[in-house]
Amino acid sequence: MQSRTLCFNGTLFRKNLSRFWPLWGLASFVGALFPLALFLQLVREHTRVDALEMTGAYYAAVSWAIPALSLCYAVLCAMTVWSYLYNARSVSLMHTLPIRRRGIFFTNFLSGMAMMLIPYAITGALCVLVSLYAHAFDPVGLGITILAVVGESFFYFASATFVAFVTGNIFALPALYFLLHFLAVLADFLVSSFAQGFLFGFNSSYTGVVEFLSPTVYLTGHLRVDMEYAETMTASGYADRAVASVTLENGWLIAVYALVGVVLTALAYSAYRRRHSESAGDVMAVRWLRPVFRWGVTVLAGTLGGLVLYELFWRSFQYSPTYEALPMAVCLAVAGIIGYYAASMLLAKSLRVFRGSWKSLLAVVVLAAAFCAALHFDALGIESRIPTLDQVKQVELRVQGNTYTLYPGQDDALIEQVRTLHQAITADEAYIRDAEYNGLMPEEEGNVSYGNPLRLTYTLRTGAVVERFYSLTITRDRLAQSDTYDALLDALVRNETMKQKRLHLGGDGYTPDGGSIYVERRGEGYDLGSREAQAILNAVAQDAAVGAWGDADWFGSNDGSDYALNLDLSFTRQEKNNTYNDWITITVRPSMTYTTTCLKKLGLVTEEDLVTWAQMDPARYDADEAYEETVQAEIPDTAQVIYPEEHTVEALPSGEPTAAVTGLVVLSA
């Protein structure tokens, strides 16, 4: 009879499941609690669930719960089925069995996958029974959920298996496993932290550029449940909103990670074929990975530990929030040397690792110095990088608490103004930093404005994002010089088109969805509905058209001539399945006759409420300025309110035409 070499041993498979039943049994018990709790709730309330709503719940679990659970559960399964690798006696005994390594590998791998899937299978079966009871069974949604759970479970267990075969110590397995899964996020945070401290304008603590290398973070952030609703009329005449369709967005990512799991499984099997039994107990079982481990720990300890040392021992001695290159290089070198020796001791399983290591220590010092020098002198040109018009998809400008969104093709001139402003800011780096941290001497009261935040966000056609943040000092003298960033920023914000964009009247997709108003005299606040917000918005647009609103006030005279009204309007923009929010804060002035008349017509304020801060608290202001009257245009008493459904073009009291605006407007008789 011809002999055959099998890749699967049923006896070993059953032995693994019976030996480690407490692990998968406890996981199954915990998982079963959720569908049982849902079943009891349905029985108690005598309710039924829509099938698509149940599918949405399945997809929600796949998008955030399953990745997090599988991340933790997979390493436990790997530690059980591969535990024999970390003990010299156990691994020798296993390799004396009449099973080849290939058979041992695939049998144990399938054992681990079975332990991964049994809890999900039991939980899923109970969920199906609950769905049938609630008449909410959706076979398509169930099938997609099963495939997603299997794909995610396979990837996580494959990654844990790969780590199991490159390590030789059972304590190193979970440490290295979790480190590799979050290394990209940690590295992004560290690099961004250094960039923030050295590079002018860089203010992001996390970029997400390599987030896909951290699967759990990437999956939970990109898997989304898209639920579309449809409204139907009930027999009683009321509108009923029901789920029309459910989609698991970016579900293809699970398939990609499952393919990565296949590659990791193949690498693990290759490592097992070459693995020496004597490596049991070593931190790294694969010899050529030992230098990678040593220098990886050195770099990680140097950057993370260097930041800690710098904050502890140097931060309090400097007067600038930016990092100083020489002290930072010293801290990086010290932390890196500590990390190098710690990694060497773990690999050698000995404390005697100092002899002959001076060359490596010199390399650590050189790397630390080169890293700090590259950031200090901006070797990559990050500070001066300004995307060109043909590179950008959109440009977002946020200044004075307002957001402006510009698009190539329709806002080319404004985008060029933004780029010119950006170039002027980068050219004045030394002046801006000195003015922000040391102040301007001598300083004339009311002629200097510190800490004006400006955020520039370029979204490129490639999908990349270039974001810069600046805290600008503005002076009256520089405002009079046309080539300074002060004058360029002021001219940009005062642009009539920018005023329209500030109110989101330029067709950028934002619509007012409400807001709030606080009447200081009464000490009461009110929430605004979308119709009221639209009315106030168009009234403000009327005032902007006649020059009564929209001009930047960089120096904030605070003379008490504003009304004691706090007015905020909020906006939303729906783009595919993403909702974007924005808001503007409006300082109401007596000269804003259209706005104040609109507020009175809506019943939000009365004439008694329209008092200035100086009138409310005259002792706080100088007598000559407290009661200075602002010249106002007369609005006839017959003014009326037109609601958003009525669209008209109106004339101002002076007879000058304004740009047509939609929504509620104030008309003169």
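The structure this text deals with has already been given above.
Since the structure is predicted, the reported quantities are computational estimates derived from the model, not experimental observations.

Participant: Can you tell me about the nonpolar core, naming the residues and giving the values?
Facilitator: Counting 65 residues, the largest nonpolar core has W82, Y84, L85, F157, F165, Y177 and M284 as the members making the most contacts within it. Not counting residues within four places of it along the chain, the set of residues in contact with M284 comprises V166, T167, G168, L176, L289, R290, F293 and L347. Grouped together as the second largest cluster of nonpolar side chains are 31 residues, I415, L421, W554 and F555 included.

Participant: Go over the packing of aromatic side chains, please, and point to the residues and values.
Facilitator: Under the defined criterion, the tally for this structure stands at 26 aromatic pairs. Relative to Y269, the ring of F105 lies with its centre 5.3 Å away and its plane at 50°, an arrangement referred to as tilted. A residue pair is termed long-range when its members are at least 10 positions apart, and F105 in helix 5 (residues 101–133) and Y269 in helix 9 (residues 252–273) qualify at 164 residues. Take F105: its relative accessible area is 0%, and that puts it in the buried class. Looking at R101, its charged tip hangs above the ring of Y272, at a distance of 5.3 Å from the centre. The ring of W583 has R398 lying over it, and the distance from NZ or CZ to the ring centre is 5.0 Å.

Participant: Tell me what's going on with the side chain of S111, and back it up with residues and numbers.
Facilitator: Looking at the element boundaries, S111 is found in helix 5. Reaching out from S111, the side chain makes a polar contact with the side chain of N16 at a distance of 3.1 Å.

Participant: Lay out helix 5 with the relevant residues and their values.
Facilitator: The end-to-end C-alpha separation of helix 5 is 47 Å, in line with the 48 Å expected for 33 residues at 1.5 Å each. Its maximal kink placed at L117, helix 5 deviates by approximately 30°, while the proline P119 follows within four residues. Residue H135 follows helix 5 closely and has a positive phi angle near 55°.

Thresholds, definitions, all that
- Here, residues in each chain are numbered from 1, in the same order as that chain's written sequence.
- Thresholds applied to this predicted model are a pLDDT of at least 70 for local features of residues and 80 or more for the giving and counting of side-chain atom pairs; totals over whole chains, interfaces and linings are not thresholded and use all residues.
- Side-chain numbers come from the whole structure's heavy atoms, not from hydrogens or water.
- Nine residue types can take part in a nonpolar core, namely buried Ala, Val, Leu, Ile, Met, Phe, Trp, Tyr and Cys, and a core is a set of them joined through side-chain atoms within 4.5 Å.
- Between buried and exposed lies partly exposed: a residue is buried under 20% and exposed over 50% of the maximum accessible area for its type, with that area taken using a 1.4 Å probe on protein chains only.
- Working rule for contacts: check all heavy atoms of both residues, and any pair within 4.5 Å makes them a contact.
- Only the six-membered ring of Trp is used, alongside the rings of Phe and Tyr, when aromatic pairs are assigned; centres must lie within 6.5 Å, and planes under 30 degrees apart are stacked while those over 60 apart are edge-to-face, with the rest tilted.
- Counting from the N terminus, the helices are DSSP H or I runs at least four residues long and the strands are E runs at least two residues long.
- Lysine NZ or arginine CZ positioned within 6 Å of the ring centre and within 35 degrees of the ring normal marks a charge as sitting over the ring.
- Pairs of N or O atoms within 3.5 Å make up the polar contacts considered here, provided that, within protein, one atom can donate a hydrogen while the other can accept it, and that residues adjacent in sequence are counted only when both atoms are side-chain atoms.
- Given a helix with a known number of residues, its expected span is that number minus one, times 1.5 Å.
- Fitting one axis to the seven residues ending at a residue and another to the seven starting there, the bend at that residue is the angle between the two axes.

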